[in-house]
Amino acid sequence: MNPKNYPIISSPEDIPTRFEEAWNERDANKLAAIFDEDAEFVNVVGIWWHNRRDIYKAHDYGLRVIFKNSHLARGKTTVKYLSDSIAVVHARFRLKDQTPLDSKTPGIRQTIFSFVVHRVD
């Protein structure tokens, strides 16, 4: 995992787009590169990871097994600046075509992701 291989995200508004791209490309490295080394990530069922490496490992597995045929679509995105260098980004997402579990095909999921972001100079 080398987050330096991906283009720099130039504005908070671009973070949900990068997350969506990485998800749909099944690129756990690209997804993890969005996050700081000591980032926190809580998924939709409350599983909580505390660093980029663990975020990578969880998504690498998930994108290969649980979500291998899924499609993530970004919806409305808002950004609230808390300071010149810190913002909160909220983005609606819709997930479809998750891998069936126990012969049950999961329906379409809708959620909101929250990102607390900072500028890196």
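Each chain has its residues counted from 1, running along the sequence as written. Two thresholds apply to this predicted model, a pLDDT of at least 70 for residue-level local features and 80 or more for giving and counting side-chain atom pairs, whereas whole-chain, interface and lining totals are computed over all residues. The side-chain values count all of the structure's non-hydrogen atoms but skip hydrogen atoms and water molecules.

**Student:** What's the story with the packing of aromatic side chains in this structure? I'm lost.
**Tutor:** For any pair of aromatic rings, geometry is given as the distance between the ring centres together with the angle between the planes. Here the aromatic set is Phe, Tyr and Trp, taking the six-membered ring for Trp, and pairing holds for ring centres within 6.5 Å; pairs whose planes are under 30 degrees apart are stacked, those over 60 apart are edge-to-face, and all others are tilted. In total, this model carries ten aromatic pairs according to the counting rule given. With a centroid separation of 5.6 Å and 85° between ring planes, the pair formed by Phe 35 and Phe 41 is classed as edge-to-face. A single burial state applies to Phe 35 and to Phe 41, both of which are buried. Aromatic side chains Phe 93 and Phe 113 sit 4.8 Å apart centroid to centroid with 40° between the ring planes, which places their arrangement in the tilted category. In this pair, Phe 93 sits in strand E4 (residues 86-96) while Phe 113 sits in strand E5 (residues 109-118), placing the two residues 20 residues apart along the sequence. Each member of the pair, Phe 93 together with Phe 113, is buried. Through successive ring pairs, a cluster of aromatic residues spans Phe 19, Trp 23, Phe 35, Phe 41, Trp 49, Phe 67, Phe 93, Phe 113 and Phe 115. Partly exposed residues are those whose accessible area sits between 20% and 50% of the maximum for their type, while under 20% is buried and over 50% is exposed, using a 1.4 Å probe and protein chains only. A helix here means a DSSP run of H or I that spans at least four residues, while a strand means a run of E at least two residues long, and both kinds are numbered starting from the N terminus.

**Student:** Just checking my understanding: could you explain helix H3 (residues 52-64) for this structure?
**Tutor:** For an α-helix, 3.6 residues make a turn, and residues three or four places apart therefore share a direction. Here H3 is 13 residues long and its end C-alpha atoms lie 18 Å apart, about the 18 Å a rise of 1.5 Å per residue gives. Those residues of H3 that sit buried are Arg 52, Ile 55, Tyr 56, Ala 58, His 59, Gly 62 and Leu 63. As for H3, its buried residues are in contact with helix H1 (14-25), helix H2 (28-32), strand E1 (41-42) and strand E2 (48-49). Two N or O atoms form a polar contact when they lie within 3.5 Å of each other; inside protein one atom must be a possible hydrogen donor and the other a possible acceptor, and for residues adjacent in sequence the pair counts only when both atoms belong to side chains. Between a side-chain oxygen at the N-terminus of H3 and the backbone nitrogen of Arg 53 the separation is 3.2 Å; the capping residue is Asn 51. Each helix should span, by expectation, one fewer than its residue count multiplied by 1.5 Å. Here, two residues are considered to be in contact whenever any of their heavy atoms come within 4.5 Å of each other.

**Student:** Would you mind showing me how to read the sheet that holds E5 here?
**Tutor:** Backbone hydrogen bonds are what pair the strands of a sheet, in a parallel or an antiparallel way. Pairing is antiparallel in the open sheet, where three strands are placed in the order E3-E4-E5. The outermost strands of the open sheet, each flanked by one partner alone, are strand E3 (71-81) and E5. Mean inter-strand twist for the sheet, computed between neighbouring axes without regard to direction, equals 20°. Bridge count for E4 against E5 is ten bridges, and the pairing is antiparallel. Bridge pairing in E5 places Ala 87 opposite Val 117. The strands that H1 touches are E3, E4 and E5; relative to E3, the one it contacts most, it runs at about 160°. Any two strands are treated as partners once DSSP identifies two or more bridges connecting them. A fitted line through C-alpha atoms serves as each axis, taken over the contacting stretch for helices, and the angle formed by two N-to-C directions is quoted from 0 to 180°.

**Student:** When you look at unusual backbone geometry in this model, what are you seeing that I'm missing?
**Tutor:** With the exception of glycine, the majority of residues adopt a negative phi angle, and the majority of peptide bonds are in the trans configuration. The backbone phi angle of Arg 26 is positive, close to 60°, even though this residue is not glycine. Here Arg 26 is to be found in the loop between H1 and H2. Its identity is not glycine, yet Asp 97 carries a phi of approximately 65°, on the positive side. In this structure, Asp 97 sits in the loop between E4 and E5.

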